[in-house]
Amino acid sequence: MKFERTRVLTGITTTGTPHLGNYVGAIRPTVQASRNPETEGFYFLADYHALIKCDEPSRIQRSTLEIAASWIASGLDPDQVTFYRQSDIPEIPELTWFLTCVSGKGLLNRAHAYKAATDKNHAAGHDTDADVTAGLFMYPVLMGADILMFKAHKVPVGRDQIQHIEMARDMAASFNHLYGEHFVLPEAVVEESVALLPGLDGRKMSKSYDNTIPLFAPRAQIRKQINGIVTDSRAPGEPKATQGSALFQIYQAFASADETAQLAKAFSEGIAWGEAKQMLFERVDREVAPMRATYEDLVQNPIKVEKILRAGADKARIRSAAFMAELRHAVGLRPLSAEVAAKQVKASKAATASFKQYRDKDGQFYFKLVDPQGAIMLQSRGFTSARDAGLAIGQLIENGISALLTLESQLEIPPLAAPADIHETLNLLRETSKK
Ligand code: TRP
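Remember, it's a predicted structure, so these values are computed and weren't measured experimentally.

Novice: Which residues make up the pairing of strand S1 (residues 6-13), and what values do they have?
Specialist: Bridging between S1 and strand S2 (residues 39-46) involves eight bridges; their strand directions are parallel. If you follow Thr10 over to S2, its bridge partner there is Tyr43. For the crossover that starts at S1, traverses helix H1 (residues 20-33) and ends in the parallel S2, the hand is right-handed.

In structure tokens, the structure reads:
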């Protein structure tokens, strides 16, 4: 067995343009964490979630591009992690339904986002559910599917999302109780040390307060916005308080401890606000400028981003398709032919699917799983030796479709093949190989 790394997964809703607060609070720490060789990262653009709160198609599309480009420009390496778009994984909405059927409605009634909406309606004297969509109500279930699909152990999120991870655990436990141990119970990870960035007006930097500085805005705009950060009216020469200063806190989020100490000293010595703002601009620019070229290149060439996301989806779908096949079987959504086929196999082994091994012109060793009609159900990539190819087949027969996970980089599921059929076929082959 391959050593199992800790799986870390998080999603970003695609409704806006990334700002400095997102960068400091989520992008930067996540990109750093993604370099830990002991973890396996799953990062995705939660565009199904975006539909819950945004009905502007062009904004969702634009936000998907900007967020993907920002993460890559900030150093996320799509080859080291699985970076994908939620809506490229059709198994997610399918799993959402499975989880819907094990989620208590009462549990969902207590979800923060839904409760906030109904409380607001009550306060205004409206009907409980006025203007509340079923999408908002189901939000935690969709999120549960995101997390449980990839068997995430750790889910880094903001404080406001902890409840959703707990709900995902509940769904996983209920499902496991009914159908066997299929899901991993995830844990929320809330990074205490990560800075909450104040915005231009001193409140938390957030789109809803309209006080953000976009991460990759042109330099001139960033300079202008930094000049607009609220300060008190102390004149140059008067000592200034670092406590409660938005300017100081933003600086601190970008600067080293030494640099921060120097600015604190300058504050106590009465630095002019204009000068402090210039220092902040230079410090932010020093961090952002080197990434800006990559960001702009990607935003101007969306096809590059599209390719990266498609490749990410291919990687993700090896898992999601295999896992969904297992789950369908578990709940009883099974091809009726399996029973019949099982009997047939006993009568005649020739009627069943089989592995074909061959050596191609490139000198590499390949195999494919072909059904009785000759259609390819699974195709391997090249192995350097016949022995390795044979071992992989052995693993597939021994461990069934879950072996796809250990072999993911060596296999392809052809577009027309159904993972559920692969699952049943491998089960059959295992059965017959035992006899
Ligand atoms: N709901 C999350 C947010 O608004 C985004 C999200 C969607 C997510 N699916 C997820 C986060 C799964 C972590 C895991 O921030």
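This is not the end of the story, as more comes after the structure.
Novice: Can you break down helix H11 (residues 257-268) residue by residue, with the values?
Specialist: In this model, H11 (12 residues) spans 17 Å end to end at C-alpha, consistent with the 16 Å of a helix rising 1.5 Å per residue. Of the residues making up H11, those classed as buried are Glu259, Thr260, Leu263, Ala266 and Phe267. End-on, the buried residues of H11 take up no more than an arc of 115°, which puts them together on one face. Set apart from the buried face of H11 by more than 90 degrees, the exposed residues are Ala257, Asp258, Gln262 and Lys265. Of the surrounding secondary structure, the elements contacted by the buried residues of H11 are helix H10 (246-254) and helix H12 (273-300). Gly270 lies just past H11 and shows a positive phi near 85°.

Novice: Residues and numbers for the layout of surface pockets, please.
Specialist: Of the volumes computed, that of the second largest pocket is approximately 1100 Å³. As for the second largest pocket, its lining consists of 38 residues, of which Lys315, Ile318, Arg319, Leu405 and Glu408 are closest to the centre. Elements with a minimum of two residues in the lining of the second largest pocket: helix H13 (302-331), helix H16 (403-406) and strand S9 (411-412). The biggest single contributor to the lining of the second largest pocket is H13, with eight residues. Among the residues forming the lining of the second largest pocket, the class breakdown is 18 nonpolar, six polar and 14 charged. Taken together, domain 1 (6-189) and domain 3 (336-433) each give at least three residues to the lining of the second largest pocket, which thus spans both.

Novice: Can you tell me about empty space enclosed by the protein, naming the residues and giving the values?
Specialist: Across all of its chains, the model carries one cavity of 30 Å³ or more by this definition. Estimates place the volume of the largest cavity at around 30 Å³. Looking at the lining of the largest cavity, the element that brings in the most residues is H13, giving three residues. Residue classes in the lining of the largest cavity are distributed as four nonpolar, one polar and two charged.

Novice: Could you give an account of the site of the ligand, naming the residues involved and the relevant values?
Specialist: The ligand sits among 14 residues. The nearest are His49, Tyr139, Met143, Asp146 and Gln161. Note that an oxygen atom of the ligand is positioned 3.5 Å from one of the side-chain N or O atoms of Thr13. Within the side chain of Tyr139, a nitrogen or oxygen atom sits 2.5 Å from a nitrogen atom of the ligand. Across the complex, the protein chains shield 88% of the 370 Å² of accessible surface that the ligand would expose by itself. At the level of elements, S1, S2 and helix H7 (134-149) are the ones that each hand at least two residues to the shell around the ligand. Class assignment of the residues belonging to the shell around the ligand gives a composition of eight nonpolar, five polar and one charged.

Novice: For the sheet that holds strand S8 (residues 376-380), give the residues involved together with the corresponding values.
Specialist: The sheet built from four strands is open, its strands ordered S6-S7-S8-S9 with antiparallel pairing. This sheet does not close on itself; its edge strands, each paired only once, are strand S6 (354-359) and S9. Pairing of S6 with strand S7 (residues 365-370), which is carried by six bridges, proceeds in the antiparallel orientation. The partner of Phe355 across the bridge, within S7, is Leu369. Packed on one face of the sheet, helix H15 (residues 386-399) meets S6, S7, S8 and S9 and runs near 165° to S6.

Novice: Would you mind going over the domain arrangement of the protein chain in detail, with residue names and values included?
Specialist: By domain assignment, the protein chain separates into domain 1 (6-189), domain 2 (216-290) and domain 3 (336-433). Here the C-alpha centre of domain 3 lies 34 Å away from the C-alpha centre of domain 1.

Novice: Could you give an account of the pattern of salt bridges, naming the residues involved and the relevant values?
Specialist: Here the structure, examined in full by the defined rule, presents 20 salt bridges. Notably, a salt bridge pairs Arg234 with Asp232, separated by 3.0 Å at the nearest N-O pair. Under the relative-accessibility criterion, Arg234 is labelled partly exposed at 37%. Relative accessible area serves as the criterion here: at 34%, Asp232 is assigned to the partly exposed category.

Novice: Can you break down the packing of aromatic side chains residue by residue, with the values?
Specialist: Working definition: an aromatic ring pair is given by the centre-to-centre distance plus the angle between the planes. With the rule as written, the count across this model stands at 15 aromatic pairs. Between Phe44 and Tyr84 the ring centres are 5.4 Å apart and the planes differ by 15°, which places this aromatic pair in the stacked class. Of this pair, Phe44 sits in strand S2 while Tyr84 sits in strand S3 (residues 82-85), and the two are 40 residues apart along the sequence. Phe44 sits in the buried class, given a relative accessible area of 3%. For Tyr84, a relative accessible area of 1% gives the class buried.

How each quantity is defined
Residues numbered from 1 in each chain as written. Predicted model: local features only at pLDDT ≥ 70, side-chain atom pairs only at ≥ 80, totals over all residues. Heavy atoms only, no water. Pairing = 2+ DSSP bridges. Helix = DSSP H or I, 4+ residues; strand = E, 2+ residues; numbered from the N terminus. Right-handed = clockwise from strand over helix to strand, strands pointing away. Expected span 1.5 Å × (residues − 1). Buried < 20%, exposed > 50% of the residue type's maximum accessible area, 1.4 Å probe, protein only. Arc of directions from axis to C-beta. Contact = heavy atoms within 4.5 Å. 1 Å grid on protein atoms, 1.4 Å probe; cavity = no way out; pocket = protein on both sides within 12 Å on 5 of 7 lines; lining within 4 Å. Points joined across faces, edges and corners; volume = space filled by probe spheres on them. Nonpolar A, V, L, I, M, F, W, Y, C, P; charged D, E, K, R; others polar. Domains from an automatic or database assignment. Near = heavy atom within 4 Å. Polar contact = N/O pair within 3.5 Å; in protein donor to acceptor, adjacent residues only side chain to side chain. Areas by Shrake-Rupley, 256 points an atom, 1.4 Å probe, with all protein chains shown as cover. Axes fitted to C-alpha atoms, helices over the stretch in contact; angles between N-to-C directions. Salt bridge = Lys/Arg side-chain N within 4 Å of Asp/Glu carboxyl O. Phe/Tyr/Trp six-rings, centres within 6.5 Å; stacked < 30°, edge-to-face > 60°.

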